[in-house]
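Observations on the model geometry
In case you want the letters, here they are:
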Amino acid sequence: MAEKGSESEWVVMATGRSPTNIAVIKYWGKRDEDLILPINDSISLTLDPLHLSATTTAAVSPTFSRDRMWLNGKEIPLSGERYQKCLREIRKRANEVSDEKKRIKIKKEDWDRLHVHISSYNNFPTAAGLASSAAGFACLVFTLAKLMNVKEDLGQISSIARQGSGSACRSLFGGFVKWTMGNNADGSDSLAIQLADEEHWTDLVVIIAVVSSKQKETSSTSGMRETVQTSALIKHRAETVVPARVLKMEEAIANRDFASFAKLACADSNQFHAVCLDTSPPIFYMNDTSHRIINLVEKWNHSEGTPQVAYTFDAGPNAVLISPNRKTAALLMQRLLYQFPPNQESDLTSFVVGDKSILQDAGVTSMKDIENLEPPPEIKDKVPHQRFTGDVSYFICTRVGSGPKVLTDETLALLDPVTGLPK
Ligand SMILES: Nc1ncnc2c1ncn2[C@@H]1O[C@H](COP(=O)(O)OP(=O)(O)OP(=O)(O)O)[C@@H](O)[C@H]1O
Ligand SMILES: C[C@@](O)(CCOP(=O)(O)OP(=O)(O)O)CC(=O)O
């Protein structure tokens, strides 16, 4: 067993931070529910962890009597199969850990007997359609792998995160990421690979319109199961449409070809929602506000004759809007604020969060500026044009960002280094 001289009351910890991601070619449907193996490849953008990320501290100590986890300060059960799988797979790959200064040595075989405490915090709303599960499971697996000195590469680690939540595997890398569905029955080749890092296409600006922060009615897990069981269109999507789109999307990303990128992303989001509608009973993830956002973008793109903005929607009503540069992002922000102004009681600081400099570029520095916005030219002469006050809860301005990182600053740890309990 691990030793520290004659004492046994030590705690060893690791802290990591992992980003969330947004798919531009969607994962929807599993060929193996147990191992979480998808029916098609998918491609995502990793979002800047500064604005959307999970931070997780994992600790081990001989004084811990069982595995425990806290999420956003509240203890949650670790008994769920997905947590258990991640813990089991990481433990299997654990190696010796020694800290000579602290005179601690944990042997490889000790990990089967030692228990862990895990505390995680999301810097954005959990279970609100902003992919907290992706950031969360990526961070859990990444941080446990650091704590247990796992030597496997990030691709292999991603295939463990995949078993927590499919989309989580794509959060193990920054930039532009592909989850290759793989062929092996054991899922060993169903993992994430980085297509390009976060420095590849730095002009892109991402604006998320948070339409509703309520929990959704149909989880992704059960939604995609029902689609696979009942949709007549999903097979065609997975076998014919997506493989061709994945190749084109890889090319668009490699060439920083925004027009092609935007067309593919919008088409794939719409097809994903079409197969949801083709499910029996049909699944509606978007709402009227989502549809109005699509209209706003489509009208603008059409009037310019070339895509100004791409939109994509996951299993919920929130819109993720991607602009090719800051100038277009500012014009988009004006359009969004014109059509979806905040409620009277909101303030600008909490209505637009993240990279607020986009607001300045849009010439908006006060609530009065939002009131005074002119309708955009493409809708100006078309009556009636309405403003939908309060229909968007808030906006998050962000960008493509980096992959998981170890946080070495001990003050950022979420567990107390002496007790191993949440701070
Ligand atoms: N930081 C975290 N660490 C570990 N698990 C997490 C973390 N954050 C979220 N989860 C897990 O993910 C679940 C939420 O996943 P869910 O799919 O319902 O929402 P979401 O991922 O935020 O939204 P969506 O999948 O629609 O984008 C939580 O109940 C919890 O089990
Ligand atoms: C619409 C999506 O966001 C679906 C994500 O599904 P999850 O990864 O949440 O599902 P499970 O694997 O069952 O946990 C599209 C995507 O992220 O590719």
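Residues numbered from 1 in each chain as written. Chains lettered and ligands numbered in written order. Predicted model: local features only at pLDDT ≥ 70, side-chain atom pairs only at ≥ 80, totals over all residues. Heavy atoms only, no water.

1. Here we look at the site of ligand 2
The test is simple: We define proximity as follows: a residue is near a molecule or strand when any one of its heavy atoms falls within 4 Å of that partner. Under this definition, polar contacts are N or O atom pairs within 3.5 Å; protein pairs additionally need one hydrogen-donor-capable and one acceptor-capable atom, and for neighbouring residues in sequence, both atoms have to be side-chain atoms. All accessibility values rest on the Shrake-Rupley procedure with a 1.4 Å probe; residue burial counts only the protein chains present in the view. Each residue gets one label: Ala, Val, Leu, Ile, Met, Phe, Trp, Tyr, Cys and Pro are nonpolar, Asp, Glu, Lys and Arg are charged, and the others, such as Gly, are polar.
Around ligand 2, the surrounding shell holds 17 residues, and the nearest of these are Y27, K30, R82, S165 and S167. Within the backbone of G166, one N or O atom sits 2.7 Å away from an oxygen atom of ligand 2. Here an oxygen atom of ligand 2 sits 2.7 Å away from a polar atom, N or O, in the side chain of S167. Compared with its free state, where it exposes 460 Å², ligand 2 has 94% of that area covered by protein. Across the shell around ligand 2, the residue classes tally to seven nonpolar, five polar and five charged.

2. A word on the UniProt feature "domain: Diphosphomevalonate decarboxylase-like N-terminal" (unreviewed entry) in the chain
Put simply, the rule reads: UniProt positions are given in the numbering used here, feature names are shortened, and annotations may be inferred rather than shown by experiment. Numbered from the N terminus, helices here are DSSP runs of H or I no shorter than four residues, and strands are runs of E no shorter than two.
With numbering aligned to this structure, UniProt lists the feature "domain: Diphosphomevalonate decarboxylase-like N-terminal" (unreviewed entry) at residues 19–192. What you have in residues 19–192 is 21% helix and 30% strand, and the ends, taken at the C-alpha atoms, are 14 Å apart.

3. Some remarks on the sheet that holds strand 8 (residues 74–76)
The line we're drawing: Strand pairing requires that DSSP identify at least two bridges connecting the strands.
As summarised here, the arrangement of the six strands in space is 8-7-11-6-1-19, forming an open sheet in which the pairing is mixed. A strand with exactly one partner marks an edge of an open sheet, and here the two such strands are strand 8 and strand 19 (405–406). In this structure, strand 7 (residues 68–71) lies alongside strand 8, joined through three bridges in antiparallel fashion. What sits directly across from W70, in strand 8, is E75.

4. As for the nonpolar core
Test applied: Residues belong to one nonpolar core when they are buried, are Ala, Val, Leu, Ile, Met, Phe, Trp, Tyr or Cys, and are joined through side-chain atoms within 4.5 Å. Accessible area is worked out with a 1.4 Å probe on protein chains only. A residue is then buried under 20% of its type maximum, exposed over 50%, and partly exposed in between. Any two residues having at least one pair of non-hydrogen atoms within 4.5 Å are treated as being in contact.
Counting 73 residues, the largest nonpolar core has I207, F261, I322, M333, L337 and F395 as the members making the most contacts within it. Top element by residues in this core is helix 8 (residues 326–339). It accounts for seven residues. Setting aside residues no more than four positions away along its own chain, I207 makes contact with A319, V320, L321, A329, L332, M333, L336, I358, F395, I396 and C397. Residues I76, Y83, V97 and L114 belong to the second largest nonpolar core, which totals 53 residues.

5. Details of the packing of helix 7 (residues 288–304) against helix 8
Our working rule: To get an axis, fit a line to the C-alpha atoms, keeping to the stretch in contact for a helix; angles then go from 0 to 180 degrees between the N-to-C directions. In these notes the angle categories are as follows: under 35 degrees is roughly parallel, over 145 is roughly antiparallel, 65 to 115 is roughly perpendicular, and the rest is oblique. The sense of a crossing depends on the near helix, which, turned anticlockwise from the far helix by less than a right angle, makes the crossing left-handed and, turned clockwise, makes it right-handed.
Relative to each other, helix 7 and helix 8 sit at 135°, their axes nearing to 11 Å. As summarised for this structure, helix 7 and helix 8 are arranged oblique, according to the angle between their axes. Once helix 7 is placed against helix 8, the crossing between them reads as right-handed. Contact with helix 7, carried on its side by R292, L296 and W300, involves T328, L331, L332, R335, L336 and Q339 of helix 8 and no other residues of that element. Considered class by class, the residues forming the contact of helix 7 with helix 8 number five nonpolar, two polar and two charged.

6. Concerning the side chain of T227
Here T227 shows up in helix 4 (residues 220–230). The class of T227 is buried, set by a relative accessible area of 0%. Within the structure, T227 has its side chain in polar contact with the side chain of W28 (distance 3.0 Å). Looking at T227, its side chain comes within polar contact range of the side chain of T279, at 2.8 Å. If we skip the residues at most four places from it in the chain, T227 touches W28, I234, V275, C276, T279 and I283.

7. Comments concerning the pattern of salt bridges
Defined as follows: Counted as salt bridges are all cases of a side-chain nitrogen of Lys or Arg within 4 Å of a carboxyl oxygen of Asp or Glu.
Within the structure shown, the criterion is met by 20 salt bridges. Across the pair E239 and K235 runs a salt bridge whose closest N-O atoms are separated by 3.2 Å. Of the two residues, E239 and K235 both sit in helix 5 (residues 234–254), four residues apart, roughly one turn of that helix. Assigned by exposure class, E239 and K235 land together as exposed.

8. Some words on the pairing of strand 2 (residues 21–25)
Of all five residues making up strand 2, five are buried, and the element is well covered by its neighbours. Summarising the sheet, strand 2 and strand 5 (residues 42–46) pair through four bridges and their orientation is antiparallel. Looking at strand 5, one finds that A23 is bridged to S44.

9. Topic: the packing of aromatic side chains
For the record, the criterion: Each pair of aromatic rings taken from Phe, Tyr and Trp, with Trp reduced to its six-membered ring, is defined by centres within 6.5 Å and is described as stacked if the planes are under 30 degrees apart, edge-to-face if over 60, and tilted in the remaining cases. Two limits define a charge over a ring: the Lys NZ or Arg CZ must be within 6 Å of the ring centre, and within 35 degrees of the ring normal.
Applying the stated criterion across every chain, the model contains 11 aromatic pairs. Centroid distance W201 to F261: 5.4 Å. Interplanar angle 70°. Geometry classified as edge-to-face. Of this pair, W201 sits in the loop between strand 13 (191–196) and strand 14 (205–210) while F261 sits in helix 6 (residues 258–277); the two residues are 60 residues apart in sequence, bridging distant segments of the chain. Given the relative accessible area of 0%, F261 is considered buried. Each member of the aromatic cluster is reached from another via a ring pair, and the members are F176, W201, F258 and F261. Cation over ring: R292 sits above F388, and NZ or CZ is 3.8 Å from the ring centre. Above the face of the W300 ring, R335 is positioned so that its terminal group lies 4.0 Å from the ring centre.

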